[in-house]
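# Understanding the architecture of this molecule
The lines below spell out each chain.
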Amino acid sequence: MIKRDLGSDFEEILKPGREVVLSGLVEYHPVYGLKFRVLEVDLSFTLGEIEKRKQETLRALAAEDLVDRNKLIGLPIVVQRIALIGAPDSAGWADFKDHLLHNPDNFHFEIEPFHATVQGAEAAVGIRHQLEKAKDANVDAVVIIRGGGSPIDLDVFNDYHLAKSIALYPLPVLTGIGHETDMHVADVVANKFFKTPTAVADYLLERVQNFTFRIWETFQKITSRSKSLMDLESKRFALVSEKIGQLGVNYTQLKRGELLSIANGIRAESQQSLLESRSSLQRSGDSLFNLSTNLIEQGRVSLKESKLRLSSKSYSL
């Protein structure tokens, strides 16, 4: 009857070393003597003891300044390589992997498994052992998951040594233990904690989605800015081309005017030179004419004189 009432907590509550409060009857048997017949186990007392140890553990970690130590480690923008610690035969394990590896956006994730029992007396030691092994893995973060359970089942995550290992871990540690209302010490000291394994997977997917959205948004801004700059530069080029064309026309007209002025100057100088040459030739012609006229006249006089002398000599003979 007690086992039926306690359900899955039966072995955890009645394990050696656990403090319990029982109600029952003292009976006497004539052969076997006195006996105590247990009628009921006070579960609330056990839960109170768990909460008490949990608070003591938190105070001890706070005294060592370990509560926020793992939170100071920056989580990569995109977490794709994950060390997964948990029980491989649990529903939480399957849900986490399926959610990440078969996501609708086809984002790529690499999950390196580290199998550990997450319930029972040796669970805390087993999880710590897998945390040590995961230090050698090439991963971005460590995820510790469990598919839920009663507060007593999850008491393993209040273990002081396990919590200290998480707090001092060199990589970000994320927990998805599977509880709706209660937080455990492992959640408190983790980099980030979530209620379920699926919630951890959703968070990792959301980070990738946000990153790709920012990349796409930045690409759109760059594209829009580039188009605006291209349009602006095209307008500038058109204005400069038009200005250069106008300057070319103005320069051509200027040079044409200069050439016309030079041509007119050459024409005027040529005409002046021709006039001067013509005048010089005219003077030379006049000089030659006068000279030839004088020479002819002198020759005529000379001939006349010679004729007279010849005539004179012929009379004397």
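Before going into details, it helps to say that this report is about the structure given with it. These numbers come from a predicted model, not from an experiment. (Residues numbered from 1 in each chain as written. Predicted model: local features only at pLDDT ≥ 70, side-chain atom pairs only at ≥ 80, totals over all residues. Heavy atoms only, no water.)

This next bit is on the packing of aromatic side chains. A complete count under the given rule lists two aromatic pairs for this structure. Judged by centre distance (5.0 Å) and plane angle (40°), the rings of Phe-194 and Tyr-203 are tilted. (Phe/Tyr/Trp six-rings, centres within 6.5 Å; stacked < 30°, edge-to-face > 60°.)

What follows deals with unusual backbone geometry. Phi is positive for Asp-65, which is not a glycine, with a value near 60°. As for its placement among the helices and strands, Asp-65 is situated in the loop between α3 (43–63) and β3 (81–86). (Helix = DSSP H or I, 4+ residues; strand = E, 2+ residues; numbered from the N terminus.)

For the rest of this paragraph, the subject is the pairing of strand β5 (residues 141–145). Along β5, five of the five residues are buried, which leaves the element largely enclosed by surrounding structure. Two elements, β3 and β5, share four bridges in a ladder whose sense is parallel. Looking at the pairing, Ile-82 lines up with Ala-141 of β5. Sheet topology note: the β5/strand β6 (residues 173–176) ladder contains four bridges and is parallel. Bridge assignment links Val-143 to a residue of β6, and that residue is Leu-174. (Buried < 20%, exposed > 50% of the residue type's maximum accessible area, 1.4 Å probe, protein only. Pairing = 2+ DSSP bridges.)

With 34 residues, the main nonpolar core has Ile-85, Ile-127, Leu-131, Val-142, Ile-144, Phe-157 and Ile-166 as its most contacted residues. Secondary-structure elements contributing two or more residues to this core are α3, β3, α5 (123–134), β5, α6 (160–167) and α7 (185–189). Ranked by the residues each element gives to this core, the list is headed by α5, at five residues. Contact partners of Ile-127, with chain neighbours within four places excluded, come to Ile-85, Ala-116, Thr-117, Val-118, Ile-144, Phe-157 and Leu-162. Among the nonpolar cores identified, the runner-up in size contains 21 residues, and Phe-96, Phe-107, Val-200 and Leu-204 belong to it. (Core = buried A, V, L, I, M, F, W, Y, C linked by side-chain atoms within 4.5 Å. Contact = heavy atoms within 4.5 Å.)

A separate point is the pattern of salt bridges. Under the counting rule described, the total for this entry stands at ten salt bridges. A salt bridge links Lys-135 to Glu-132; the shortest N-O distance between them is 3.0 Å. For Glu-132, a relative accessible area of 45% gives the class partly exposed. With a shortest N-O distance of 2.8 Å, Glu-297 and Arg-300 are connected by a salt bridge. Note that Glu-297 and Arg-300 are positioned in helix α8 (residues 197–316) at a spacing of three residues, about one turn of the helix. Of the residues examined, Glu-297 reaches a relative accessible area of 39% and is grouped as partly exposed. With a relative accessible area of 48%, Arg-300 lands in the partly exposed category. Connected via shared salt-bridge partners are Glu-27, Lys-35 and Arg-37. (Salt bridge = Lys/Arg side-chain N within 4 Å of Asp/Glu carboxyl O.)

Honestly, it's all geometry; don't read function into it.
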